[in-house]
Amino acid sequence: MPTCQEVAEQATEYLEKAMSPRERLGVWAHLRVCPNCRTYLRQFMDTVALTRRAAAEAPSPHDENRLVAMMKAARTPGRTEP
Ligand SMILES: [Zn+2]
């Protein structure tokens, strides 16, 4: 099973199904037991959806760079310690 760090690094591949079934199963299994990564992935999906909507409304050469920057920022898993 992948670690939290690996799940965070593979979030894009997982959501775009750009990984092998074996890797997908590993991430899926991790998400079943790790609420932190489930929350992280949900936030990651929201970020991607928001960015895609924004890009569709106002297409410009800058949007792609912004998307990349947001994806990089979203790759850092949130800390949920008290
Ligand atoms: Zn995790």
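Described in the following lines is the structure provided in the data block.

Looking now at the packing of helix α3 (residues 21-33) against helix α4 (residues 35-57). The geometry of α3 relative to α4 is characterised by a closest axis approach of 5 Å and an angle of 110° between their N-to-C directions. Taken together, the axis directions place α3 and α4 in an arrangement best described as roughly perpendicular. Within the contact between the two elements, α3 uses His30, Leu31, Arg32 and Val33 and α4 uses Pro35, Cys37, Arg38 and Leu41. Partitioned by chemical class, the residues of the contact of α3 with α4 number 5 nonpolar, 1 polar and 2 charged.

Considering the arrangement of structural elements, one finds His30 in helix α3. Sequence spacing of His30 and Cys4 is 26 residues, and the spatial spacing of their C-alpha atoms is 8.0 Å. Aside from chain neighbours lying at most four places away, what touches His30 is Met1, Pro2, Thr3, Cys4, Val7 and Cys37.

Summarising the metal site, the zinc ion is bound by the protein donors Cys4 (SG), His30 (NE2), Cys34 (SG) and Cys37 (SG), whose distances to it range over 2.0 to 2.3 Å. Angles of 105 to 113° at the metal separate the 4 donor atoms of the zinc ion, which places the site in the tetrahedral class. One chain supplies every donor for the zinc ion, spaced along it as C-x25-H-x3-C-x2-C. One end of the pair, Cys4, is in helix α1 (residues 4-9); the other, Cys34, is in the loop between α3 and α4, and 30 residues separate them in sequence. The exposure class assigned to Cys4 is partly exposed, which follows from its relative accessible area of 35%.

Reading the values: the criteria
Within every chain, residues take consecutive numbers counted from 1 along the sequence as written. Local features are withheld for residues below a pLDDT of 70 in this predicted model, meaning they are given only at 70 or higher, and side-chain atom pairs are given and counted only at 80 or more; totals for whole chains, interfaces and linings count all residues. Side-chain numbers here rest on the full set of heavy atoms in the structure, without hydrogens or water. Inter-axis angles, ranging from 0 to 180 degrees, are taken between N-to-C directions of lines fitted to C-alpha atoms, where helices are fitted over the stretch in contact. Going along the chain from the N terminus, every DSSP run of H or I of four or more residues is numbered as a helix, and every run of E of two or more is numbered as a strand. These descriptions rest on fixed angle ranges, namely under 35 degrees for roughly parallel, over 145 for roughly antiparallel, 65 to 115 for roughly perpendicular, and the rest for oblique. Here, two residues are considered to be in contact whenever any of their heavy atoms come within 4.5 Å of each other. Note on residue categories: nonpolar means Ala, Val, Leu, Ile, Met, Phe, Trp, Tyr, Cys or Pro, charged means Asp, Glu, Lys or Arg, and polar means any other residue, Gly included. The rule for donors is simple: N, O or S, within 2.8 Å of the metal, or within 3.2 Å if the metal is Na, K or Ca. Water isn't counted, so a site may look like it is missing partners. Note on geometry labels: four donors, all angles 85 to 135 degrees, give tetrahedral; four donors become square planar and six octahedral when opposite donors are over 155 degrees apart and every other angle is between 65 and 115; remaining cases are irregular. The classification of residues rests on relative accessible area computed with a 1.4 Å probe and restricted to protein chains. Under 20% of the type maximum is buried, over 50% is exposed, and intermediate values are partly exposed.

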